[in-house]
2 protein chains.
Amino acid sequence: MREVAVIGVGIHKWGELWDMSIRDMFVTAARNAMDDAGVDHIDSMYIGCMSGGLFAAQEHLASVMADYLGVTPAAAARVETACASAGLAVRLGWMEVMSGLSDIVLVGGVEKMTDITGEEATFALSTAADTEYEGYNGITFPGLYAMMARAHMEKYGTTLEQLSQVAVKNHANGALNPEAQYPFPVTLETVMNSTMVAEPLRLLHCSPITDGAAAVILCPLKLAREKFKDHPLVVITGSGHATDTIALHSREDITTIKAARISAEKAYKMAGVGPADIDFAEVHDCFTIAEIMVTEALGFFEPGKGGPAVEAGETSREGSKPINTSGGLKSKGHPVGATGAAQIIEVTRQLRGEAGKRQLDNPRRGLAQNMGGSGGSSLVHILEVR
Amino acid sequence: MREVAVIGVGIHKWGELWDMSIRDMFVTAARNAMDDAGVDHIDSMYIGCMSGGLFAAQEHLASVMADYLGVTPAAAARVETACASAGLAVRLGWMEVMSGLSDIVLVGGVEKMTDITGEEATFALSTAADTEYEGYNGITFPGLYAMMARAHMEKYGTTLEQLSQVAVKNHANGALNPEAQYPFPVTLETVMNSTMVAEPLRLLHCSPITDGAAAVILCPLKLAREKFKDHPLVVITGSGHATDTIALHSREDITTIKAARISAEKAYKMAGVGPADIDFAEVHDCFTIAEIMVTEALGFFEPGKGGPAVEAGETSREGSKPINTSGGLKSKGHPVGATGAAQIIEVTRQLRGEAGKRQLDNPRRGLAQNMGGSGGSSLVHILEVR
């Protein structure tokens, strides 16, 4: 197994981008990543996208993006695990480089979500849940996470203030991220008084609908040392991938995200570290309750202690375990197929010392956790600076 | 790099299956493959599917299928390159086993195409082409391949009789395949008088709309030798993957499938063989012109000689280079996300001597070519019996 380095990252400002097509966004992010790495070709490419069909009437993104990026006949694959699609792309690119099959692999993701109506988008997102047993009975994603939030509040005493503090913290971070969709702070009062979506979740407990793309260039560490010296070297030391039941009603316990726990255990084992060794993390806060449940599943806090940890400031940039310094899905935005790659970008930038006004103090090891659906899939990657 | 063996294959009768859901079909095929291999668990899974969203309102098949196959928390990924999605699944599973990351990997594909109207299906399929520059201007897949057929006829003198003989041959083979959607012979006259679809292509020059799934189990050759002794051992010795422009109008030459040629060259190089060393092949006959163009791109026949080769019987079961002994997409059916895995199944069965009434005489090396869109993607695998 070869060690795999991240040698380039590329993104663009996310938002409601009516002047950019799905190919414009991905090619922009990919070119930015290639420029950052200083590479003029790639051997292979993995593109995360949840639903090119329902959101943008365009499948076969492998060929579309290889064509418009100008890299044909390079191998290209579109990969999907709902909102964890780009995390999957990172894992498969890491596998291809690790295996020795290819040297320079581009991994990333894209989603074009605002060219359809909000109703259509809600339907498209619902296909990440169990369509036959959940979607067709009327449940939507805010509803699924609202049930998890209710159960977590009931079992552990998690409070609405704690759920709201996640949004306050992430918007405080996102205000320092020029690529974020909503780069402004929000107050606790604003969050708690925002429009009700699915009780107890209000508008500002939910991540937004976003157009965006993100891309990362991977290569063997040895080659990175020889050829690419501009940036501090960031290495993927752990990769974990796990599934759980698609439907929430089939789970043993809906107050925990089992796939997040198992994927983290696999990544920790590969990297030879534990939760205490992680300096900071980007986690999948599609709803603020998700951030709390995931930080527990990753072993950062005991079950039920995720809420109090946020309230005590432990997950802020100045805390013991900074979470979502990028602004998270909440403030940075959540183009579902791209999110997992953007997490890797934030972790890489923090490790390189290139995170601007939100830079942490000399972090050495970061983690990215990307979730599909209501926890039916989870991908975890651990990155370290060498 | 570890050598990778095919130790199990599973399929079911394809057709218009209104009593089976997308999960029923995939789980049926996967269980059949696991039974054939004699394995009771898998480490990881790749599911090819072109458009779970547009055809079946179900994305996140990784979690759906891991759940209903009873293999959570195993890693699972849905992968897509349009109609080459299952070929991509085979390649990624091969990569995972080859790399040493996992031992037992299930690869396959599924598509549920008949639960929507024909018009909706035509639209869904069109998203494998360039939606902005082709689909929105009204072209459909029969139209794209009709243009290729016209150009091939003009440049090389390929005839309508030759296009029709592909269908006659593939239906003759498919009549011997109990899992085929249309297991009956057709005459040249019937093909040439069938309903016009897109001039010069008539109904019986086109593959059908199909519900179906297929699955294959891969493991390291060494482990296969130690643990799985029931079947002759079939090994993947070459894998090639290439892209081309998504839109037909961007190609240098529409009388050849460049991605098929390049993916074949990669696979030949890896396997250390050439076209003359291939005993038989399954190729992507989504339209009969495609089989002719692909057999030329694979190097089996000179450019322009694919049509005469069919007419001379060289690609029949008794010919020098049997093509599509399964019946091909034309007679066996074409559930787009599953086709690439079904090709691997036919090649494996022929190499094992388990192809029933369509069995070739002791073949030792077969090839499978799976195409995405109008040739924007191609995957080629070479399999040998040990």
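**Quick notes on the domain arrangement of chain A**
All names here are of chain A.
Link 1 in the chain: Segmenting chain A into domains produces domain 1 (4-117 + 210-234) and domain 2 (128-208 + 237-380).
Link 2 in the chain: Averaged C-alpha coordinates put domain 1 and domain 2 at centres separated by 23 Å.
Link 3 in the chain: Between domain 1 and domain 2, the residue contacts involve 38 residues of the former and 34 residues of the latter.
Link 4 in the chain: Listing elements by their share of the side of domain 1 that touches domain 2, those giving two or more residues are strand 1 (4-11), helix 4 (85-99), strand 4 (105-111) and strand 7 (212-220).
Link 5 in the chain: It is helix 4 that provides the largest number of residues to the side of domain 1 that touches domain 2, a total of eight residues.
Link 6 in the chain: Its residues assigned to classes, the side of domain 1 that touches domain 2 shows 23 nonpolar, eleven polar and four charged.

**Observations regarding unusual backbone geometry**
Link 1 in the chain: The amide bond that connects B:Thr72 to the next residue, B:Pro73, takes the cis arrangement and shows omega of 5°.
Link 2 in the chain: Mapped onto the elements of the fold, B:Pro73 is located in the loop between helix 3 (61-69) and strand 3 (75-80).
Link 3 in the chain: Here the residue pair B:Glu199 and B:Pro200 is connected by a cis peptide bond, since its omega of 10° sits within 30 degrees of zero.
Link 4 in the chain: For B:Pro200, the location among the structural elements is in the loop between strand 5 (196-198) and strand 6 (201-202).
Link 5 in the chain: At A:Ala57, a position not held by glycine, the phi torsion is positive, near 55°.
Link 6 in the chain: Along the polypeptide, A:Ala57 turns up in the loop between helix 2 (52-56) and helix 3 (61-69).
Link 7 in the chain: Its 20 C-beta neighbours within 10 Å are what place A:Ala57 among the buried residues.

**Thoughts on the nonpolar core**
Link 1 in the chain: Counting residues in each nonpolar core, the largest one holds 276 residues, and the members touching the most others are A:Met65, A:Val216, A:Ala341, B:Met65, B:Val216 and B:Ala341.
Link 2 in the chain: Once you skip the residues sitting within four places of it in the chain, A:Ala341 turns out to touch A:Gly48, A:Ala86, A:Ala89, A:Val90, A:Val107, A:Gly108, A:Gly109, A:Ala214, A:Ala215 and A:Val216.

**Some words on the interface of chain A and chain B**
Link 1 in the chain: If you look at the interface, chain A gives 54 residues, while chain B gives 54 residues.
Link 2 in the chain: Looking at the side of chain A that touches chain B residue by residue, the classes come out as 25 nonpolar, 20 polar and nine charged.
Link 3 in the chain: Here strand 3 (residues 75-80) of chain A runs beside strand 3 of chain B; their pairing, made up of three bridges, is antiparallel. Along strand 3 of chain B, the bridge assignment pairs A:Arg78 with B:Glu80.

**Brief notes about the confidence of the model for chain A**
Link 1 in the chain: Per-residue confidence for chain A gives a mean pLDDT of 97; residues scoring 70 or more make up 100%.
Link 2 in the chain: Model confidence for the complex is summarised by a pTM of 0.98, with the ipTM given as 0.97.

**Description of the relation of the copies chain A and chain B**
Link 1 in the chain: Relative to chain B, chain A is turned by 180° and slid 0.0 Å along the rotation axis, the superposed coordinates differing by an RMSD of 0.0 Å. Expressed as an axis order, the relation between the two copies is that of a two-fold axis.
Link 2 in the chain: A share of 100% of the interface residues of chain A reappears at the interface of chain B, consistent with the copies meeting face to face through the same patch.

**Brief notes about the pairing of strand 3 of chain B**
Residue and element names in this part refer to chain B.
Link 1 in the chain: Here strand 3 lies mainly inside the structure; six of its six residues are buried.
Link 2 in the chain: Two strands pair when backbone bridges link them, and strand 2 (residues 44-48) and strand 3 are joined in this way by five bridges, in the parallel orientation. Bridged to Ser44 within strand 3 is Ala75.

**A word on the environment of A:Ser377**
Link 1 in the chain: Looking at the element boundaries, A:Ser377 is found in strand 11 (residues 377-385).
Link 2 in the chain: The exposure class assigned to A:Ser377 is buried, which follows from the 36 C-beta atoms found within 10 Å.
Link 3 in the chain: When the C-alpha atoms of A:Ser377 and A:Thr245 are compared, they prove to be 8.6 Å apart, with 132 residues separating the residues in sequence.
Link 4 in the chain: Leave out the neighbours within four places in its chain, and A:Ser377 touches A:Thr81, A:Ala82, A:Ala84, A:Thr243, A:Ala259, A:Met371, A:Gly372, B:Ala62 and B:Ser63.

**A few points about the environment of A:Pro303**
Residue and element names in this part refer to chain A.
Link 1 in the chain: With respect to the helices, strands and loops of the structure, Pro303 is situated in the loop between helix 11 (288-297) and helix 12 (306-311).
Link 2 in the chain: Taking the number of C-beta atoms within 10 Å as the measure of exposure, Pro303 has 14 and is therefore partly exposed.
Link 3 in the chain: A C-alpha to C-alpha distance of 8.7 Å links Pro303 and Thr255, two positions 48 residues apart in sequence.

**Observations regarding the pairing of strand 7 (residues 212-220) of chain B**
All names here are of chain B.
Link 1 in the chain: With eight of nine residues buried, strand 7 lies mostly within the body of the structure.
Link 2 in the chain: As paired elements, strand 1 (residues 4-11) and strand 7 share seven bridges and run antiparallel to each other. Along strand 7, the bridge assignment pairs Ile11 with Ala214.
Link 3 in the chain: Strand direction decides the pairing type here: strand 4 (residues 105-111) and strand 7, joined by seven bridges, are antiparallel. Among the inter-strand pairings, Gly108 is bridged to a residue of strand 7, identified as Ala215.

What counts and how
Residues numbered from 1 in each chain as written. Chains lettered and ligands numbered in written order. Predicted model: local features only at pLDDT ≥ 70, side-chain atom pairs only at ≥ 80, totals over all residues. Domains from an automatic or database assignment. Contact = placed C-beta atoms within 7 Å. Helix = DSSP H or I, 4+ residues; strand = E, 2+ residues; numbered from the N terminus. Nonpolar A, V, L, I, M, F, W, Y, C, P; charged D, E, K, R; others polar. Buried ≥ 20, exposed ≤ 12 C-beta atoms within 10 Å, placed from the backbone. Core = buried A, V, L, I, M, F, W, Y, C linked by C-beta atoms within 7 Å. Pairing = 2+ DSSP bridges. pLDDT = per-residue confidence, 0-100. Least-squares fit on C-alpha atoms with pLDDT ≥ 70 in both.

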